[in-house]
Number of protein chains: 2
Amino acid sequence: MTATDAQRGPVTSEPTPPTQLGASDLLTVPFAGAPIFTRTRALRPTSKVLPEHARSHNRALVLQTLYTAGAQSRADVARETGLTRVTVSDLVAELIVEGLVAELGQREDARPGKPATLIDIARGAFQIVGIDLSEHEVFRGAVMNLDGRIVARAELARDGATGEAAYALVDALVAQLLAAATITVLGIGVGSPGVVDPVGVVRSAPNLGWSDLPLQARLTGATSLPVHVANDANVAVLAEHGATDLDDVLLIKIGHGVGAGLIVGGRPVIGGGFAAGEIGHVVVGTDGGPRCACGRDGCLEAWISAPRLTAQLAELDGTDAAGASAREEILREAGRRLGIVLAPVVGALNLSEVVLSGPAELLDGVFHEAAVDTLRKRTMAEINRDLRLRMSEQAQDIVLRGAAVMVLSGQLGVS
Amino acid sequence: MTATDAQRGPVTSEPTPPTQLGASDLLTVPFAGAPIFTRTRALRPTSKVLPEHARSHNRALVLQTLYTAGAQSRADVARETGLTRVTVSDLVAELIVEGLVAELGQREDARPGKPATLIDIARGAFQIVGIDLSEHEVFRGAVMNLDGRIVARAELARDGATGEAAYALVDALVAQLLAAATITVLGIGVGSPGVVDPVGVVRSAPNLGWSDLPLQARLTGATSLPVHVANDANVAVLAEHGATDLDDVLLIKIGHGVGAGLIVGGRPVIGGGFAAGEIGHVVVGTDGGPRCACGRDGCLEAWISAPRLTAQLAELDGTDAAGASAREEILREAGRRLGIVLAPVVGALNLSEVVLSGPAELLDGVFHEAAVDTLRKRTMAEINRDLRLRMSEQAQDIVLRGAAVMVLSGQLGVS
DNA sequence: TTTGTTCGTAAGGTTTACTAACAAACGTGA
DNA sequence: TCACGTTTGTTAGTAAACCTTACGAACAAA
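Residues numbered from 1 in each chain as written. Chains lettered and ligands numbered in written order. Predicted model: local features only at pLDDT ≥ 70, side-chain atom pairs only at ≥ 80, totals over all residues. Heavy atoms only, no water.

**Some remarks on the protein's contact with DNA strand D**
Close contacts around DNA strand D come from 28 residues, with Gly113, Lys114 and Thr117 of chain A together with Arg55 and Thr87 of chain B the closest. Backbone sugar and phosphate groups make up 65% of those atoms of DNA strand D lying within 4 Å of the protein. Between DNA strand D and alanine 75 of chain A there is a distance of 3.1 Å, counted from a phosphate oxygen to a backbone nitrogen or oxygen. Here asparagine 58 of chain B contributes a side-chain N or O atom positioned 2.8 Å from a phosphate oxygen of DNA strand D. Mapped onto the surface near DNA strand D, the elements with two or more residues apiece are helix H2 (74-81) and helix H3 (85-98) of chain A together with helix H1 (51-69) and helix H3 (85-98) of chain B. (Near = heavy atom within 4 Å. Polar contact = N/O pair within 3.5 Å; in protein donor to acceptor, adjacent residues only side chain to side chain. Helix = DSSP H or I, 4+ residues; strand = E, 2+ residues; numbered from the N terminus.)

**Remarks on the packing of helix H8 (residues 306-315) of chain A against helix H9 (residues 321-349) of chain A**
All names here are of chain A. With their axes 9 Å apart at the nearest point, H8 and H9 run at an angle of 160 degrees to one another. Comparing the axis directions of H8 and H9 gives the class roughly antiparallel. Of the two possible hands of crossing, H8 and H9 adopt the one that is right-handed. Counted together, Leu309, Gln312 and Leu313 of H8 and Arg327, Ile330, Leu331 and Ala334 of H9 form the full contact between these two elements. (Axes fitted to C-alpha atoms, helices over the stretch in contact; angles between N-to-C directions. Parallel < 35°, antiparallel > 145°, perpendicular 65-115°, else oblique. Left-handed = near helix turned anticlockwise from the far one by under 90°. Contact = heavy atoms within 4.5 Å.)

**A short note on the pairing of strand S16 (residues 353-357) of chain A**
Residues and elements named next belong to chain A. In terms of residue burial, S16 counts as a mostly covered element, since five of its five residues are buried. As paired strands, strand S13 (residues 249-254) and S16 are joined by four bridges and run parallel to one another. Each bridged residue has a counterpart across the sheet, and for isoleucine 252 the counterpart in S16 is leucine 356. Here S16 pairs with strand S17 (residues 388-391) via four bridges, running parallel. In the sheet register, glutamate 353 faces S17, and the bridge partner there is arginine 388. (Buried < 20%, exposed > 50% of the residue type's maximum accessible area, 1.4 Å probe, protein only. Pairing = 2+ DSSP bridges.)

**A few points about the protein's contact with DNA strand C**
Near DNA strand C there are 29 residues, and of these Arg55 and Thr87 of chain A together with Gly113, Lys114 and Thr117 of chain B occur at the shortest range. Counting only atoms of DNA strand C within 4 Å of the protein, the sugar-phosphate share comes to 67%. Arginine 55 of chain A places a side-chain nitrogen or oxygen 2.4 Å from a phosphate oxygen of DNA strand C. The set of elements that each furnish at least two residues to the surface near DNA strand C consists of helix H1 (51-69) and H3 of chain A together with helix H2 (74-81) and H3 of chain B. Among the residues forming the surface near DNA strand C, the class breakdown is 11 nonpolar, eight polar and 10 charged. (Nonpolar A, V, L, I, M, F, W, Y, C, P; charged D, E, K, R; others polar.)

**What to know about the sheet that holds strand S17 (residues 388-391) of chain B**
Pairing between sheet strands relies on hydrogen bonds along the backbone, with the strands arranged either parallel or antiparallel. All names here are of chain B. The five strands lie next to each other as S15-S14-S13-S16-S17, forming an open sheet whose pairing is mixed. Two strands close off the open sheet at either side, each with one partner strand: strand S15 (267-268) and S17. The pairing of strand S14 (residues 258-264) with S15 spans two bridges and is classified as antiparallel. Bridging across to S15, isoleucine 263 finds its partner in proline 268. Sheet strands touched by helix H11 (residues 366-378): strand S13 (249-254), strand S16 (353-357) and S17. Its angle to S17, the strand with the most contacts, is close to 170 degrees.

In structure tokens form, the structure reads like this:
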């Protein structure tokens, strides 16, 4: 309904209950002062939209349709997108010229009518390079095809390198992978620890000794390829999002540190200071806890980081029943602590999907159970009834896969 | 950069560090299995965009520019939006025909060139009706002008009405306010407690005895006006967002219950089950707490709801120093509990602005201080350094004002 | 009076996606 | 076998939206 339709129609039917209930207090306030809504961003648009923007949107729509549904005819795409066959043909012609889409020959099955010419994204024409800098001891990378399958891997031991030396390792790793790629590389995706801004500057990554390192710009300069850089957990959640189809996902990444990646309403959450997901140093509970490297007691990272858990388990010497029980207790308490931190987040965002990523031998078992249990006990059952907390199925390649999604999204989707 | 530019250029300059560091492990993985990314929503577009959509977007852009910056010339709007003077003139002509924009005569100040014709949103041509159902004892409403100033108020005592009787009260209140409006009403905004879905069905509001009540549809039927309904806290945060200009805001609304409204990346968060912000029954801390109506111990609502705090304070009889101290302790502990719940949310979302809304006599003081203090102590200072936790300045009209923003956004902005 | 500036509008062009129409190619059934 | 209907993809023309270019009107300053 447009605003011109807005007329203060006479209150039609509804029988206005006379005075049976409640005192009515109708008073008029004098007109005074300045406007109260100084800036109303609720009226959302912030920049103009031209017809060409609409076209690139529709172009990405066609690509997405092909990507998710696979090979099909132009007419199929038209039906699925709502665009006309003419428009789809036009867009597809453009995409074929650019090499992003290819014709696959005629459809085989027997149907009335002119046989359809199948088209699909040129899956065999591009590869993606993904880099995972989140591990403490090693930088890992892979060449992937457009479907996210890993074609080649490479890794370089970090040996404690920081600063420029660490960057040199990244550069070398990228060079190795580009050499290993067999066809055109669509782009490079990097998941880095620390705080990364939207233009790919690593604002702060203490473990790597990086601050304000323009990682994306430097890699673009070195390779002349599109490069996308983001926080490792924020990258990882893209992989889960690609696999799950849900609009809201929280991924908890437990390794040397503890971080989170968050997608809300289908969009990655960046955070005002580009530090969304940095929950490792949130204090858990009201009863103290282990001393954290940051100086406080009871940080989430001090409770559940992989090194911490491993060290705690190593302190147990007995392998008898008592040892097993103590081991379980350590993991159960850690899982419980995670649940305690997650409860307010899950409640506030009404999340339906929380994913756990990290060493399965630590997390997939008692830890997981305790986290689920705690989360259920601490959130409202009726509201979060279809909440799932599950282990990631992507194992240790989650950042690499997420990096591929990031490149796909950045290079083929709308920015 | 388009994908056609993506070429695997030879790794150019960067001196590849020879073999000084790390073993390189490059292996090839056989091609096998199905695509891994079954659905990649990261390629975002989900529906086609036609030129007319672009136009309505630009139309809203012009309206927003006028709304926020006030009366100005067409040329000014063109400069600010990036559209050409021609296009702006065209859009403005359309808006003038619809009555949404009006010419105000020529600009007064002396400048070279042809004097500008000032235009502005027709602020005097429309009013908005807002309804606040969040209070326990009374349904409140107001007629507002487009700037959010309240022109007339009305309220009806609830007297415990639930179900259909409660709806009848809402209907009567709306009718009263429509009668009090002096000009065309742009639309009606309603903030209701409970879980409200995007089409304005109150899925569940236990206090009002509503479940699956199609409030928006029924009010539209009764008034023939555009109606927008949302959860009270989600409505309230719109008012703060309108006033602050930040892209991320969390509003905590403390009254008979405790709820939150959340805007992330400039967009309201709804939640998978439409229950985002329902944090009243998240358990706080690891040391028990007061018994909650929901049956558990230590829910946030049991700690900090207004009735609970009032009751606790009433139990203190002494007005001497010891009494004042006890009173402070109660409020301090409540504020601390709020800080404990907020820390994980603030950390995960990297929020920069948290706003407190509720009875100032309870919240604005020790409670507030304790919440700020706790929040700072429990989140990472370096990351959340520009975090603000402040009292709302909108007092008890926050839901009404938010309802006005909701109507403005829905009727004049892009949907 | 002249010059330069600014505003708003008019005319014409480009891009975009639409509708309408059609040829090609196929199955179906008389 | 052959007319008929169906489906595909393309061609041609149209409508919408925004752009560039150009121009008259109205003003300040020299």
